[in-house]
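Next come the chains, spelled out residue by residue.
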Amino acid sequence: MAKISSKFVCQECGTVSPQWLGKCPGCGKFGTLVEETDAPEEVVGSIAVPTSKPTALKDIENVKYARISTGIKELDTVLGGGVVPYSIVLIGGDPGIGKSTILTQVSGEIAKTQRVLYVSAEESLSHVKLRCERLSITAENLMVLNECRLEHIEKVAEDYDFIVIDSIQAIYLSSLSGSAGSVGQVKECASRLMRLAKSKHKTVFVIGHVTKDGGLAGPKVLEHIVDTVLYFEGEPQDSLKLLRAVKNRFGSAQEVGVFEMTDVGIKEVSDFSGVFMSENRGAQAGSVVTQSVSGNRVVPVEVQSLISKTVFGMPRRMPIGVDYNRMVLILAVLERRAYLPFFNQDVYVNAMGGIKLTEPSSDLAVCLSLASAVKNTPIEKTTTAFGEVGLTGEVRAVSFAEKRVQNAIKLGFKKVIIPKRNYENVKKYADKITIVPVSFVSQAIKEGLPNATNE
Ligand code: TYD
Ligand code: MG
C-alpha cells in the first residue's frame, strides 16, 4: 500500500515543513509543529448521506433511533438516555481511573443482544479475560481482539455492531509515519473510526488517556471529531468517580454521573445527595450547601471555606472545585460591599466530593461560606443558598430556580436564600420551606448568619 505522505504544519501560524522541527521557522514558537496527512480529508458528515445534493428540510426523513441501554443507569443518564446507534463516544480520563473497567462491563451487557468487538490494543487477551472474570461477565459471544493496526481493526469490525477501542493512543495507521499516540496518528485514526461508524453503521466507544497537561493527546484533537465526549474524573486514592459529559450531540452536555470503584467493578451511585455534603456540617464555621444544576438534575454541593492569618508576604488564595478568578472576584466584592476583611488572610475554598462548580449560581454559597468563616460563626445546617453575585454586590437571578427549591425541600432543608428576582417563580413553595429573597450580598449574609456579631 502506498504511504500517505505527510507534512508538518504549525498550529499557530500555518507554516508547512517537510520534516518535524522543534521551533517553527515561521513564527518562532516551540513545539507547535504537528504532523498532518497530505491526502485531502474526506468530509465525515456527508458519508452518511448517499448523495450530496441539497435536500429540503421537509423532505428529510425522520429516523427515530432507539437508544441502546448500557446496563449502567448512571452512564445512560450521562449519555442522555443510552447510546445513540451509529454514534462515536469518547471516554477520557487519567490512566487507571476505570475506563477499561466500565467499558468491559458495558460490552458484557450489550453482548447479550448485539455483536460486540472489544479491541484491546493495550492489554493481552489473558488480561482482558482476567478482568472479565473479576467483573463476572459471562457473555459468551463477546469477542476480544488484540490488535494495534487500524487497517486490520477496520476489516474485522465489519462483522460487528458495537466496537470498543481501548485505547485510541495505542492504535495506529501503518500507512502514516509517526508513532502511535502522536497527534497526527490519533487525529487520523479518530476520523477513520468516525467514517466507519457513520458509513458502515457501527456504534463505537473510544477510550482516550488524558495526557499530563490535561488534554487528550494534544490540543483536544479528538473532541471535535466524535459525537460525545465523556470525562472520568476523581482522585486516584478515592473510590468515588465522576463521569462528566463535555460534549454531547444527542443530549445535555452538563450531565454528571457518580460512580464508585469496587473490587468487583464500577457501580453506580444513584442516590448521591450525601456524596457532596457532610453530615456534620453546621458545627463549624465556613460551610454552606448550594443547589447546583448539572444537566437535568440538581446536585446539592457543600462549599467549605477556611481562612487563616497570613504570616508573611502575599495572602494565599486557593480554591478547589471553584474557579480561581471567580473566587478572587467574590473576595473583592465581600471586602468592598460587605466590609469583610480578607486582605491579611489566607483563603481556602473547597467544593466537597471533588465536584467542579462551574455555574455562577454557586456564587452566593461561596460568599456565605467565606462570610461564615471570617465571622467564625457557623451557618445553620438546614440553610441552603443559590444566586449569582455581581461586582456591585447585587444578587442576580439564576435559571432553574424552581427545580433548585424543589430539591432543597426534598432534602429537608428549612431555609433557602435566593435572588429576589427569582422569588415570583417559587413563592408557591413558601409553606414548605422558608424562602428568603435577597437583593444584595450584605443582606444575604445578615439572613444566613443572623447570630454573627459585627466585627
Ligand atoms: P482500568 O479500568 O484498567 O483503568 P484505565 O483503563 O482507565 O486505565 O482500572 C484500573 C484500576 O481499577 C486498577 O487500579 C484496579 C482497579 N479495579 C478495581 O478496583 N476493581 C475492579 O473490579 C477492576 C476491574 C479494577
Ligand atoms: Mg485501560
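This is a predicted model, so every value here is computed, not measured.

Before going further, it helps to spend a moment on the site of ligand 1. In the vicinity of ligand 1, 16 residues are found, and the nearest of them are Gly 96, Ser 100, Thr 101, Thr 262 and Gly 265. One nitrogen or oxygen atom from the side chain of Arg 134 is found 3.3 Å from a nitrogen atom belonging to ligand 1. Note that a nitrogen atom of ligand 1 is positioned 2.8 Å from one of the backbone N or O atoms of Thr 262. When isolated, ligand 1 has an accessible area of 560 Å², and the protein chains bury 74% of it. Where the shell around ligand 1 is concerned, the elements lending two or more residues are α2 (99–110), α3 (125–134) and β11 (256–262). Broken down by class, the residue content of the shell around ligand 1 amounts to five nonpolar, six polar and five charged.

The next subject is α2. The terminal C-alpha atoms of α2 lie 16 Å apart, and with 12 residues this matches the ideal 16 Å at 1.5 Å per residue to within 8%. When you tally the buried positions in α2, you get 11 out of 12 residues, the bulk of the element.

So, on to the side chain of Glu 255. Tracing the backbone through its elements, the reader meets Glu 255 in the loop between β10 (240–248) and β11. The exposure class assigned to Glu 255 is buried, which follows from its relative accessible area of 2%. Here Arg 297 takes part through its side chain, which lies 3.5 Å from a polar atom of the side chain of Glu 255. Residues within four places of Glu 255 in sequence aside, it is in contact with Thr 77, Val 78, Leu 243, Arg 244, Ala 245, Ser 294, Gly 295, Asn 296 and Arg 297.

For the rest of this paragraph, the subject is the packing of helix α6 (residues 324–337) against helix α7 (residues 363–375). Following both chains from N to C, one finds α6 and α7 inclined at 60°, their axes separated by 10 Å at the closest point. The angle between the axes of α6 and α7 places the two elements in the oblique class. In this structure, the crossing between α6 and α7 has a hand that is right-handed. Of the residues in α7, those in contact with Arg 326, Ile 330, Leu 331 and Leu 334 of α6 are Asp 363, Val 366, Cys 367 and Leu 370. Taken together, the residues that form the contact of α6 with α7 break down as six nonpolar, no polar and two charged.

Before going further, it helps to spend a moment on α7. Relative to the 18 Å expected for 13 residues at 1.5 Å per residue, α7 spans 18 Å between its end C-alpha atoms, a close match to the ideal helical length. When you tally the buried positions in α7, you get 13 out of 13 residues, the bulk of the element. Taken from the residues just after α7, Asn 376 is the one with a positive phi, measuring 55°.

This paragraph deals with the side chain of Thr 104. Looking at the secondary structure, you find Thr 104 in helix α2. Not counting residues up to four positions away in its chain, the partners in contact with Thr 104 are Tyr 118, Arg 131, Cys 132, Leu 135 and Ile 137.

Right, let's get into empty space enclosed by the protein. Going through the model one piece at a time under the given rule, you end up with one cavity of 30 Å³ or more. Taken as a whole, the largest cavity spans an internal volume of roughly 40 Å³. Every residue lining the largest cavity is listed: Arg 67, Leu 79, Gly 82, Val 83, Val 84, Ser 87, Val 89, Thr 228, Asn 248 and Phe 250. Of the residues assigned to the lining of the largest cavity, the class counts are five nonpolar, four polar and one charged.

Turning our eyes to something else, we now look at the packing of aromatic side chains. For the structure shown, the criterion picks out two aromatic pairs. Residues Phe 162 and Phe 205 carry aromatic rings whose centres are separated by 5.5 Å and whose planes lie at 50° to one another, so their mutual orientation is tilted. In this pair, Phe 162 sits in strand β7 (residues 162–166) while Phe 205 sits in strand β8 (residues 203–209), placing the two residues 43 residues apart along the sequence. Owing to a relative accessible area of 0%, Phe 162 belongs among the buried residues under this scheme. Relative to Phe 259, the ring of Phe 232 lies with its centre 6.1 Å away and its plane at 65°, an arrangement referred to as edge-to-face. With a gap of 27 residues between them, Phe 232 in strand β9 (residues 228–233) and Phe 259 in strand β11 connect regions that are remote in the sequence. The class for Phe 259 is buried, based on a relative accessible area of 0%.

As a further point, take the domain arrangement of the chain. Under the domain assignment used here, the chain contains domain 1 (6–37), domain 2 (66–268) and domain 3 (287–448). Each of domain 1 and domain 2 has a C-alpha centre, and these two points are 31 Å apart. Contacts between the two partners involve five residues from domain 1 and, on the opposite side, eight residues from domain 2. Three residues, Val 34, Glu 35 and Thr 37, lead the burial of domain 1 against domain 2; their summed loss comes to 78% of the area buried on that side.

Here we take up the sheet that holds strand β2 (residues 16–17). Reading across from one edge, β2-β1-β3 is the order of the three strands in this open sheet, with antiparallel pairing throughout. Lying at the two open borders of the sheet, with one neighbouring strand each, are β2 and β3 (33–37). Bridging between strand β1 (residues 6–10) and β3 involves five bridges; their strand directions are antiparallel. In the strand pairing of β3, Lys 7 is matched with Glu 36.

Procedures and definitions
Residues numbered from 1 in each chain as written. Chains lettered and ligands numbered in written order. Predicted model: local features only at pLDDT ≥ 70, side-chain atom pairs only at ≥ 80, totals over all residues. Heavy atoms only, no water. Near = heavy atom within 4 Å. Polar contact = N/O pair within 3.5 Å; in protein donor to acceptor, adjacent residues only side chain to side chain. Areas by Shrake-Rupley, 256 points an atom, 1.4 Å probe, with all protein chains shown as cover. Helix = DSSP H or I, 4+ residues; strand = E, 2+ residues; numbered from the N terminus. Nonpolar A, V, L, I, M, F, W, Y, C, P; charged D, E, K, R; others polar. Expected span 1.5 Å × (residues − 1). Buried < 20%, exposed > 50% of the residue type's maximum accessible area, 1.4 Å probe, protein only. Contact = heavy atoms within 4.5 Å. Axes fitted to C-alpha atoms, helices over the stretch in contact; angles between N-to-C directions. Parallel < 35°, antiparallel > 145°, perpendicular 65-115°, else oblique. Left-handed = near helix turned anticlockwise from the far one by under 90°. 1 Å grid on protein atoms, 1.4 Å probe; cavity = no way out; pocket = protein on both sides within 12 Å on 5 of 7 lines; lining within 4 Å. Points joined across faces, edges and corners; volume = space filled by probe spheres on them. Phe/Tyr/Trp six-rings, centres within 6.5 Å; stacked < 30°, edge-to-face > 60°. Domains from an automatic or database assignment. Buried area = accessible area lost by both parts, 1.4 Å probe. Pairing = 2+ DSSP bridges.

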